[in-house]
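Fold and geometry: a report
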Amino acid sequence: MLAWRVHEFGSPEVIILDRVPRPVPGPGEVLVDVHAAGVGPWDGWIRAGKSALPQPLPLTLGSDLSGTVAAVGPGTSGIAVGDQVFGVTNSQFLGAYAEYAVASAGMLAKKPSSLSYAEAASVPVVAVTAWQGLFDHARLEAGQTVVIHGAAGNVGAYAVQLARRARLRSIATAGTKDIEYVQSLGADRVLDYHTRHFEEEVKDADAILDLVGGETQIRSFQVLRPGGRLISAVSQPDQDRAKHHGVTAAFFLVEVTTERLREIADLIDRGELKTRVGAVLPFAAAREAHMMLEGQRPPPKGKIILDVGGSG
């Protein structure tokens, strides 16, 4: 089979299309005939050797995928050959940019029936990241206030929608061109970070969902109430600063599970969550996709998808 591989860390040019043996699923695993693979910032970090996880070379890039089950490993239950699935390959976030990929059965679920394969491949990591940030880590409940930074991004868009559904009060930050889009997702208030300083307009928030990092993260501590939480999906917050402000702060890596994917798929099929695919590229264009990640080519609004096609 064909797979996009990295033999050395570096720029998008290091990605090479290799012909490799088709993998065999082990216990608790399935072989997915990949129809579409999602491309995310974490793929770029892995390619460049900047991942928070150890990544031995050579490796096949990609984690988000959708497709059909081609084979089932020993002792794997609840999933069958021919099932249409979506999810993530494994906890190393590797293997999806390929015609076939082995995936952990516990990180897959039935594909939302209302979505195409390309749309389904756009969902797993970003939607589950939003869910876990709001509810598993910030532990927000109805009536509480959350500030969502980077609300027009792929994770942020799901966070705004999930906050609305959970009856949270959401204050979103976004760029001028994205204000109307974020409002359409259901944010209670949208602040244009180009023209307004959120720390001058927000106080006593219960939580911050930080999807930006850097100076935005640093400035966020002052808008939290005592005992509030800053949850970041991008970088480790300053613990001394958190202690000074009397709040807690944490970085987390997403943990995609079948249970969470099923809940998200149900919300999508009921029309309560909208997906946003920015560009669908042919499988041969993996390097171009990574150039979009790096800003070497204009990045789309929404998730980048590789159309792998599947054997069917």
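Residues numbered from 1 in each chain as written. Predicted model: local features only at pLDDT ≥ 70, side-chain atom pairs only at ≥ 80, totals over all residues. Heavy atoms only, no water.

**Points about the sheet that holds strand S1 (residues 2-6)**
Operational definition: Note on pairing: two strands pair once DSSP finds at least 2 bridges between them. Strands are runs of DSSP state E lasting at least 2 residues, helices are runs of H or I lasting at least 4, and numbering of each runs from the N terminus. Contacts are assigned to residue pairs that have any heavy atoms within 4.5 Å of one another. All axes here are fitted lines through C-alpha atoms, helices being fitted over the stretch that makes contact, and every angle between N-to-C directions spans 0 to 180 degrees.
If you walk across this open sheet you meet the 3 strands as S2-S1-S4, and the pairing is antiparallel. This sheet does not close on itself; its edge strands, each paired only once, are strand S2 (15-19) and strand S4 (59-60). Both S1 and S2 contribute to a ladder of 5 bridges, which runs antiparallel. Across the sheet, residue arginine 5 finds its bridge partner in S2, namely isoleucine 16. With respect to the sheet, helix H10 (residues 286-294) is in contact with S1 and S2, its orientation differing from that of S2 by roughly 155 degrees.

**Digging into the packing of helix H1 (residues 41-48) against H10**
Selection rule: Put simply, angles under 35 degrees are roughly parallel, angles over 145 are roughly antiparallel, angles from 65 to 115 are roughly perpendicular, and the rest are oblique.
Interaxial distance between H1 and H10 falls to 10 Å at its minimum, and their mutual angle equals 100 degrees. Taken together, the axes of H1 and H10 lie roughly perpendicular to each other. Of the residues in H10, those touching H1 at Pro41, Asp43, Gly44 and Arg47 are His290, Leu293 and Glu294.

**A few points about the environment of alanine 159**
In plain terms, the rule: Using a 1.4 Å probe on the protein chains alone, a residue whose accessible area is under 20% of its type maximum counts as buried, one over 50% counts as exposed, and one in between counts as partly exposed.
Structurally, alanine 159 can be placed in helix H4 (residues 154-165). Given a relative accessible area of 0%, alanine 159 falls into the buried group. Each C-alpha atom of the pair alanine 159 and serine 77 lies 32 Å from the other, and the pair is 82 residues apart in sequence. With residues near it in sequence (within four places) discarded, alanine 159 still touches Ala130, Leu134, Ile148 and Leu209.

**Regarding the packing of aromatic side chains**
For clarity, the threshold we go by: Pairing of aromatic rings covers Phe, Tyr and Trp, the last through its six-membered ring, and needs centres within 6.5 Å; plane angles under 30 degrees mean stacked, over 60 mean edge-to-face, and all others mean tilted. Whether a charge sits over a ring depends on NZ of Lys or CZ of Arg being within 6 Å of the ring centre and within 35 degrees of the ring normal.
The tally for this structure, following the rule as stated, stands at 2 aromatic pairs. Seen from their ring centres, tryptophan 4 and phenylalanine 283 are 6.5 Å apart, and the 75 degrees between their planes marks the pair as edge-to-face. Taken as a pair, tryptophan 4 in strand S1 and phenylalanine 283 in the loop between strand S15 (277-282) and H10 lie far apart in primary sequence, 279 residues in all. Given the relative accessible area of 11%, phenylalanine 283 is considered buried. Of note, arginine 22 hangs over the ring of tyrosine 100, and the distance from its end group to the ring centre comes to 3.9 Å. The positively charged end of lysine 111 is found above the aromatic ring belonging to tyrosine 117, 5.2 Å away from the centroid.

**Section: the environment of methionine 292**
In this structure, methionine 292 sits in helix H10. With relative accessibility at 11%, the residue methionine 292 sits in the buried group. If sequence neighbours within four positions are ignored, methionine 292 has contacts with Leu281, Arg297, Pro298, Pro299, Pro300 and Ile304.

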